[in-house]
Amino acid sequence: MLKPKKSLGQNFLIDQIVLNRILEAVNPKKEDKFFEIGSGKGALTKKLILKVESIESVEIDKDLIPGLKKLKLISPEFKVHEDSILNLELNKLSQGKFKFRVIGNLPYNLSSRIMLWSFKNSANILDLHYMFQKEFGKRLVSSPGNKSYGRLTVLTQYLFDSIDLFEVHPDSFNPKPTVESIFIKFKPKLERDFHSKEALKLQELTQLMFSKRRKMISTSCKSLISPNDFTNLGINPKDRPESLSIKDFIKITKYLLNKKNG
């Protein structure tokens with residue numbers, strides 16, 4: 001019997017009630033193109049295969065690959081990539097012909113990097129359904145003024161609309177994690193592009209501000225924008241970055257781009 005590997009952050013979802021609840025929340029249609037991150041022992045994969053015609057998955061654990069390949073007996077169209085999700089590009093997999101519905105019970109130690117991967121691949125994503133450590137997931141959907149509100153929050157909410165669907169108890173996993181989990185849906189904002197000039201400037205701005213999050217924004221950004229300019233934008237120059245809304249960040253970003261082009 002294959003044991004979960006701590007080095008890979010494996011916590012297999014084994015609760016059939018939760019698995020069925022996930023399926024209900026995701027509401028897969030036959031024509032959907034699914035991509036699953038970290039199929040593990042295939043608990044969710046087996047349920048999706050019965051609902052959709054096309055599903056691909058990625059699994060880095062070589063010991064789990066033979067078991068997953070057996071699922072081709074149920075669906076010959078099923079394809080599993082033996083690799084790290086961080087090495088794959090959805091545009092190459094779809095050849096630009098369609099968008100994937102992406103789903104995954106993510107290893108907690110890779111959650112930030114997988115979100116960054118999701119940003120980079122968002123043009124080829126229809127929606128995302130991710131299982132996170134609860135504390136991490138709450139960061140992504142946090143509101144301004146909370147301690148959990150940070151750079152990753154801003155970039156996530158700039159690129160995606162999100163709904164936190166439900167929380168999951170540690171007993172639903174093997175081995176049991178020491179924390180609760182949360183299942184969240186994300187939908188890319190079609191007008192936003194992670195590789196656009198605006199998004200690149202926002203990344204630069206948030207990196208600068210949140211690397212000095214205890215400082216007033218007029219201090220951390222003094223090389224870019226004056227206190228008077230903040231005031232003219234309707235933003236208090238004495239604010240800290242966690243006080244700013246996504247709209248505030250976008251206002252500052254657009255101002256900096258116009259200033260550069262002016």
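Everything below is about the structure printed above this text.
The shown structure was predicted, so the numbers you read here are calculated from the model rather than taken from an experiment.

Parameters at a glance
- Residues numbered from 1 in each chain as written.
- Predicted model: local features only at pLDDT ≥ 70, side-chain atom pairs only at ≥ 80, totals over all residues.
- Heavy atoms only, no water.
- Helix = DSSP H or I, 4+ residues; strand = E, 2+ residues; numbered from the N terminus.
- Polar contact = N/O pair within 3.5 Å; in protein donor to acceptor, adjacent residues only side chain to side chain.
- Contact = heavy atoms within 4.5 Å.
- Salt bridge = Lys/Arg side-chain N within 4 Å of Asp/Glu carboxyl O.
- Buried < 20%, exposed > 50% of the residue type's maximum accessible area, 1.4 Å probe, protein only.
- Core = buried A, V, L, I, M, F, W, Y, C linked by side-chain atoms within 4.5 Å.

Asks: Explain the side chain of Q157 to me, please; I cannot follow it from the model alone.
Replies: Looking at the element boundaries, Q157 is found in helix α7 (residues 151-159). In this structure the side chain of Q157 is engaged in a polar contact, spanning 2.8 Å, whose partner is the backbone oxygen of S142. Those residues in contact with Q157 that sit more than four places away from it in its chain are L140, V141, S142, K189 and I246.

Asks: Even after reading the chapter, I still don't get the pattern of salt bridges, so can you show me in this structure?
Replies: Side chains carrying opposite charge are able to pair once their charged atoms draw close together. One pass over the full model with this rule turns up 12 salt bridges. The residue D127 makes a salt bridge to R101 at a minimum N-O spacing of 2.9 Å. Of this pair, D127 sits in strand β6 (residues 125-133) while R101 sits in strand β5 (residues 100-105); the two residues are 26 residues apart in sequence, bridging distant segments of the chain. The exposure class of D127 is buried, given its relative accessible area of 4%. The residue K134 makes a salt bridge to E180 at a minimum N-O spacing of 3.6 Å. Of the two residues, K134 sits in helix α6 (residues 134-140) while E180 sits in the loop between β8 (173-174) and β9 (181-188), which places them 46 residues apart along the sequence. The partly exposed category is assigned to K134, whose relative accessible area is 26%. In the salt-bridge network here, residues are joined through shared partners; they are D32, R101 and D127.

Asks: Would you mind showing me how to read the environment of I163 here?
Replies: Within the secondary structure, I163 sits in strand β7 (residues 160-168). A relative accessible area of 46% means that I163 is categorised as partly exposed. In this view, I163 contacts F183, I184 and K185; residues no more than four positions away in its chain are not counted.

Asks: What is the right way to read the nonpolar core from this model?
Replies: Proteins that are soluble and globular tend to have nonpolar side chains buried together. I37, V102, M115, Y130, F132 and I252 are the most contacted members of the largest nonpolar core, which has 47 residues in total. Residues within four places of M115 in sequence aside, it is in contact with Y130, F132, F136, L140, L152, T156, F160 and F186. In this structure, L44, F78, V168 and F183 belong to the second largest nonpolar core, which totals 23 residues.

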